[in-house]
Amino acid sequence: MLHPVHRELTERFPGLPCVPETTRDGCPTLWLPAERLAEVLTYLKQEASPPFPLLFDLAGVDERTRRARPPGAPACDFSLIYQVISPDRPATSRELRLRVALTGERPTARSITGLWPSASWYEREAWDLLGIAFTGHPGLRRLLLPDYWEGHPLRKDQPYRRTELGPFRLGATPQQERAERLDFGLEEWDLRPLPPGEEAMHLNLGPHHTGTHGLIRFLLQLQGEVIHDVGVQIGFHHRGQEKLAERQTFASYLPYADRLDYLAGVNNELPYLLAVERLAGIDVPPRAQAIRVLLAELFRVANHLVFLGTFAGDLGAQSPIFYTFNDRERVLHVIEAITGFRMHPGWLRLGGVADDLPTGWEGLLQELLDYLPRSLRDYRRGLFGNRILKGRTRGIGALTTREALDWGITGPNLRATGLAWDLRRERPYCGYEQLEFAIPTATSGDSYDRALLRLEEIAESLRILRQLGAGMPAGPYKSAHPLASPPEKHQGTTQAIETLIHHFVGVSWGKPLPVGEAQGIIEAPKGMMSYLVVSDGGIHSYRTRIRTPTFPLLQAVPSLARGLLISDLIAILGSIDYVMGDVDR
């Protein structure tokens, strides 16, 4: 039987060569010919009822060395993955993944920036890291790597380690020459042309600036004090996380995940593990799932407290920073008591968590739950009731729901536009379906609503934590599945040297995972975050695609800031809540 979306496409496009692929995550996946992709995506976004307004992800895969390809998939050297989502469709047909086969050393596909503005950076990323070109793209050039970089690092013939390259020699380098010139061309920044006869002043904001929240550069095109346009340059923080995920084994990559959104802790680990567990067929015990949710919500509270303090600081209010960071310390104290670490616990494991909850954890959690509501009331009254904050943020950087979806924006920034879309409710995972909590929304989608919404989300996270504190399930904290846990000693490790060797290799390097691909998606503090993991039967991932919530978000900054003042841009940047480790990966 055809999937409903597959049937819909075959009825709309008779004779369309549409090959389904069976994935381990259950997401409908269809292979399309490259020349038909644009018209299919146009139908899905503009003509289908209900449409698919969100381009969730766009990524490429180097298929040339893949040992086990999906049954029925066309032969190719590279492939592209397009994933679209419709919030208005039934759960069974809400997501669709389209695959396109490409051949040749220099593969080419048609750009879809005319359908989704968020596709611009995704296509530039695919060109930068894989060398896939997109005809019709308005400015196809490097995005995460400097323009003097040679090659495309996510290709399989590119080295994984620095030791595989030649020695580094300090000398006259292109980057030094560029720094000495201190010049730039406006064509490199996608800036809108000025009206005839008018001039503008160009001002750098960043890469090192307290208002940019990390290493990111904004080039402001000013007419007087008004922003005519903004250019955005990212990549200063790029660490090659997707390449690292191919080098490490499935289990040993986990500590790297924490460093993506370095304020969100285990929320970075969770989607990766959900994907790998689906690949391996591992069922996670209820207690382990509840512990995961407990930590995820604690980190959500910690993330939003940092946001509130830095947002107020961006607007000139210094006192809230001390209060919110003091409250965050109380949250981190509970996290540290459970995991032994504060920010980067690396504490989740395949099939569960690293250890059971410590004795007395309920009392620590209850102290926090008794304390924080009073702080939230103070923040609501003292911060969001402040007339200066209201004057600086109301009506500034407003987004509609349609604009947010066009830009690929999810999470609190989307819900601030009025759409109650939260994966914990729409696509529950780890037992969220058994918990009672509301989905806060707002209506104006401006900087004020985006900030206030996060305060309300803290209250709902505390509601979830109360339920977990009162009803934590009993049972094991880790699955007994052989791909998740080593065997007990009496089951072989003490029987013979051969069984001990197998045990040692399995623990040190991990075990091969079944062939296939699976995706794990969660509602992270900043929005929807996912890992798409491809296995060709080895101990390493063949391809790991990381979709982070704030990568597409920053593309919308120029459209939010045009016609406003520099001080308004600072308010916008503070209100959207991004972390450059999450953006650059």
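A. Geometry of the overall build of the protein. Helix and strand content of the protein: 20 helices and 15 strands. Its C-alpha atoms give the protein a radius of gyration of 24 Å, near enough to 25 Å, the size a compact globule of 585 residues would have. Principal axes of the C-alpha set define a box for the protein whose edges measure 85 × 60 × 60 Å. Among the 585 residues that make up the protein, the fraction classed as buried is 57%.

B. Up close: the layout of surface pockets. In this structure, the second largest pocket encloses a volume near 500 Å³. What lines the second largest pocket is a set of 24 residues, and nearest its centre among them are A251, L483, A484, G506 and V507. Residue assignment for the lining of the second largest pocket shows that the elements contributing at least two residues are α6 (254-257) and α16 (497-509). With 4 residues, the top contributor of residues to the lining of the second largest pocket is α16.

C. Structural detail: a nonpolar patch on the surface. A cluster of nonpolar side chains, namely I497, L500, I501, F504, V505 and W509, defines an oily patch on the protein surface of about 610 Å² accessible area. Mapped onto the elements, W509 comes out in helix α16.

D. Looking closely at the packing of aromatic side chains. Tallied over the entire structure, the rule returns 11 aromatic pairs. With a centroid separation of 5.3 Å and 65° between ring planes, the pair formed by Y272 and Y531 is classed as edge-to-face. Of this pair, Y272 sits in helix α7 (residues 266-280) while Y531 sits in strand β14 (residues 527-535); the two residues are 259 residues apart in sequence, bridging distant segments of the chain. Accessibility assignment for this pair places Y272 and Y531 in one class, buried. When the centroid spacing of 5.8 Å and the interplanar angle of 80° are considered together, the rings of F384 and Y448 count as edge-to-face. Of this pair, F384 sits in the loop between α10 (361-382) and α11 (387-393) while Y448 sits in helix α15 (residues 447-470), and the two are 64 residues apart along the sequence. Y448 matches F384 in its accessibility class, with the two residues each being buried.

E. Region of interest: the sheet that holds strand β2 (residues 29-32). Here we have 5 strands laid out as an open sheet, ordered β1-β2-β5-β4-β3, and mixed in their pairing. Single-partner strands in this sheet number two, and they are β1 (19-21) and β3 (54-62). Going from strand to strand, the sheet's axes swing by 25° on average, the running direction of each strand aside. In the sheet, strand β4 (residues 78-85) pairs with strand β5 (residues 95-102) via 8 bridges, with the strands oriented antiparallel. Paired with Y82 across the bridge in β5 is L98.

F. Spatial organisation of the packing of α15 against helix α19 (residues 566-576). Contact geometry for α15 and α19: axes closest at 9 Å, N-to-C directions at 30°. The angle between α15 and α19 places the two elements in the roughly parallel class. The two elements α15 and α19 cross, and the hand of that crossing is left-handed. Where α15 abuts α19, its residues S447, R450 and R454 lie against A571, I572, S575 and I576. Per-class residue counts for the contact of α15 with α19 are 3 nonpolar, 2 polar and 2 charged.

What counts, and at which threshold
Residues numbered from 1 in each chain as written. Predicted model: local features only at pLDDT ≥ 70, side-chain atom pairs only at ≥ 80, totals over all residues. Heavy atoms only, no water. Helix = DSSP H or I, 4+ residues; strand = E, 2+ residues; numbered from the N terminus. Rg over C-alpha atoms; globule rule 2.2 N^0.38 Å. Buried < 20%, exposed > 50% of the residue type's maximum accessible area, 1.4 Å probe, protein only. 1 Å grid on protein atoms, 1.4 Å probe; cavity = no way out; pocket = protein on both sides within 12 Å on 5 of 7 lines; lining within 4 Å. Points joined across faces, edges and corners; volume = space filled by probe spheres on them. Patch = residues over 30% accessible without salt bridge, like charges linked within 9 Å, V, L, I, M, F, W, Y side chains within 5 Å. Areas by Shrake-Rupley, 256 points an atom, 1.4 Å probe, with all protein chains shown as cover. Salt bridge = Lys/Arg side-chain N within 4 Å of Asp/Glu carboxyl O. Phe/Tyr/Trp six-rings, centres within 6.5 Å; stacked < 30°, edge-to-face > 60°. Pairing = 2+ DSSP bridges. Axes fitted to C-alpha atoms, helices over the stretch in contact; angles between N-to-C directions. Parallel < 35°, antiparallel > 145°, perpendicular 65-115°, else oblique. Left-handed = near helix turned anticlockwise from the far one by under 90°. Contact = heavy atoms within 4.5 Å. Nonpolar A, V, L, I, M, F, W, Y, C, P; charged D, E, K, R; others polar.

None of this, on its own, says anything about what the molecule does.
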